[in-house]
Amino acid sequence: MSADSVKYLHKANFDKIYYDIVNECNKIAQVVKAAIVTNNNTGYGAEAGSIFVESLNTEDAEQLIMKLSGKSYEGREIEIVCVPEESYVTYYLELLKLK
């Protein structure tokens, strides 16, 4: 799905994506916090539809990366990107507060 088509998703679609992905992550490791970038908050350096997940510890994060890499969601490959802690603290903690 292109970024252009994602930006037209309804809030219910974002909620479904969020809960599906967070539920899948919780099967692998404990999710501490999670947030999805919606049409209204794309100014955080990520496209609408991107999901940020904070795990309990590094080991859990590594398990999430290992087990979700190469998987797909509704026909789209899941792309996993590790965010440097400095960027996380600067930008993404604010995004997580919005959820």
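Coordinates for the structure precede this section.
Calculation rules
Residues numbered from 1 in each chain as written. Predicted model: local features only at pLDDT ≥ 70, side-chain atom pairs only at ≥ 80, totals over all residues. Heavy atoms only, no water. Helix = DSSP H or I, 4+ residues; strand = E, 2+ residues; numbered from the N terminus. Buried < 20%, exposed > 50% of the residue type's maximum accessible area, 1.4 Å probe, protein only. Lys, Arg positive; Asp, Glu negative; His and termini not counted. Salt bridge = Lys/Arg side-chain N within 4 Å of Asp/Glu carboxyl O. Contact = heavy atoms within 4.5 Å. Arc of directions from axis to C-beta. Polar contact = N/O pair within 3.5 Å; in protein donor to acceptor, adjacent residues only side chain to side chain.

Asks: Quick one: what's the story with the side chain of D60, residue by residue and with numbers?
Replies: By the element assignment, D60 lies in helix α3 (residues 58–68). One buried charge, D60, has no salt-bridge partner; the nearest side chain with opposite charge is K67, at 9.4 Å. Apart from the residues within four sequence positions on either side, D60 is in contact with A29, Q30 and S55.

Asks: Could you give me a rundown of unusual backbone geometry, with the residues and numbers involved?
Replies: Residues apart from glycine generally show negative phi values, whereas peptide bonds are mostly found in trans. In this structure, E74 is a non-glycine residue whose phi angle is positive, near 50°. Along the chain, E74 falls in the loop between β3 (72–73) and β4 (76–77).

Asks: Before we move on, could you go through α3 and cite the residues and values that matter?
Replies: Taken as a whole, α3 has its buried residues at D60, L64 and L68. Seen from one end, α3 has its buried residues packed into an arc of 50°, which puts them on one side. In α3, those exposed residues whose orientation departs by more than 90 degrees from the buried face are T58, E59 and M66. Turning to α3, the residues buried within the fold contact α2 (11–28) and β2 (51–55). For α3, the N-terminal cap is N57; the gap from its side-chain oxygen to the backbone nitrogen of E59 is 3.1 Å. Positive phi shows up at G70, right after α3, with a value of about 85°.

Distances and angles like these do not, on their own, reveal function.
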